[in-house]
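Architecture and fold: a report
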Amino acid sequence: ISSSFCRGIFNDVPSELKQLPDDLYEVISDTQQKSGFIPTIFLILARRPNEFRAFFNHYDALMKSQNSALTNFEKEAIVVATSSRNHCLYCVVAHGAMLRVFAKKEQSMSDYHSIADQIAIDYTKANITDKQKKMLQYAIKLCNEPDAVTQSDIDELVAVGFGKEEIWDIGAITAFF
């Protein structure tokens, strides 16, 4: 485990993954096999197994739900845009990779390889729909200036075709990341 960051602060993170509860071990080792590394947040949360489970249950409910009218592309676009503003390089890179997959698969974009970079740098110039730009405008405002969000922001989302549940999902994903 390469975790010098969290070892200095949280020195009770197990040095051997097999010391973790089986369900945590499975999530972490699966991620390591798929991505080639273990995100530091996984190791930090592993010291409190109940919080680890709650985090991933909430993540799954937001990002993997089939009940949301938002597409996987739109969900990942929110994560990339807000994570860029939060300066979370890990989320921009990891979720940017997922965004490219969904751009190719769901949006049939010819420039799918650069869409994550476009959104991370300046979503207003990205090759996405005006509706998606409005969605990201709201997410960024909610991320950076939550106290400045007003009913008119919600009205703008409704005007471009977002419903109550989609607006909820935009806010929930923004808050999580």
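To be clear, the structure that these remarks concern was listed above.
Now for a quick tour of the structure.

Rules behind the numbers
Residue positions are given per chain, counted from 1 along the sequence in the order it is written. For this predicted model, a pLDDT threshold of at least 70 governs which residues receive local features, and a threshold of 80 or more governs which side-chain atom pairs are given and counted, while totals over whole chains, interfaces and linings are taken from all residues. To get the side-chain values, all heavy atoms of the structure are used, and hydrogens and water are removed first. Any Lys or Arg side-chain nitrogen located within 4 Å of an Asp or Glu carboxyl oxygen qualifies as a salt bridge. Secondary structure counts use DSSP, requiring at least four H or I residues in a row for a helix and at least two E residues in a row for a strand, with both numbered from the N terminus. Partly exposed describes any residue whose relative accessible area lies between the buried limit of under 20% and the exposed limit of over 50%, with all areas from a 1.4 Å probe on protein chains only and scaled to the type maximum. Definitions used for this entry: grid spacing 1 Å over protein atoms alone; cavity, a set of points where a 1.4 Å probe fits but cannot get out; pocket, an open set with protein on both sides within 12 Å along at least 5 of 7 lines; lining residue, one with an atom within 4 Å of a point. Grid points are joined across faces, edges and corners, and a volume is the space filled by probe spheres set on the points. Residue polarity is assigned by list, with Asp, Glu, Lys and Arg as charged and Ala, Val, Leu, Ile, Met, Phe, Trp, Tyr, Cys and Pro as nonpolar; anything else, Gly included, falls into the polar class.

As a working rule, side chains carrying opposite charge can pair if their charged atoms are close by. According to the stated counting rule, one finds seven salt bridges in the structure shown. With a shortest N-O distance of 3.2 Å, Lys34 and Asp30 are connected by a salt bridge. Pair noted here: Lys34 and Asp30 are both in helix 2 (residues 22–35), with a separation of four residues, about one helical turn. Among the residues examined, Lys34 registers a relative accessible area of 69% and is labelled exposed. By relative accessible area, Asp30 is classed as partly exposed at 34%. A salt bridge links Lys64 to Asp60, with the nearest nitrogen and oxygen atoms 3.5 Å apart.

Each pocket or cavity is described by its volume, and for the largest pocket that value is around 1200 Å³. What lines the largest pocket is a set of 37 residues, among which Thr31, Phe42, Phe56, Tyr59 and Tyr90 lie closest to the centre. Listed by contribution, the elements that provide at least two residues to the lining of the largest pocket are helix 2, helix 3 (40–46), helix 4 (49–63), helix 5 (72–86) and helix 6 (89–105). Along the lines of polarity and charge, the residues of the lining of the largest pocket split into 21 nonpolar, seven polar and nine charged.

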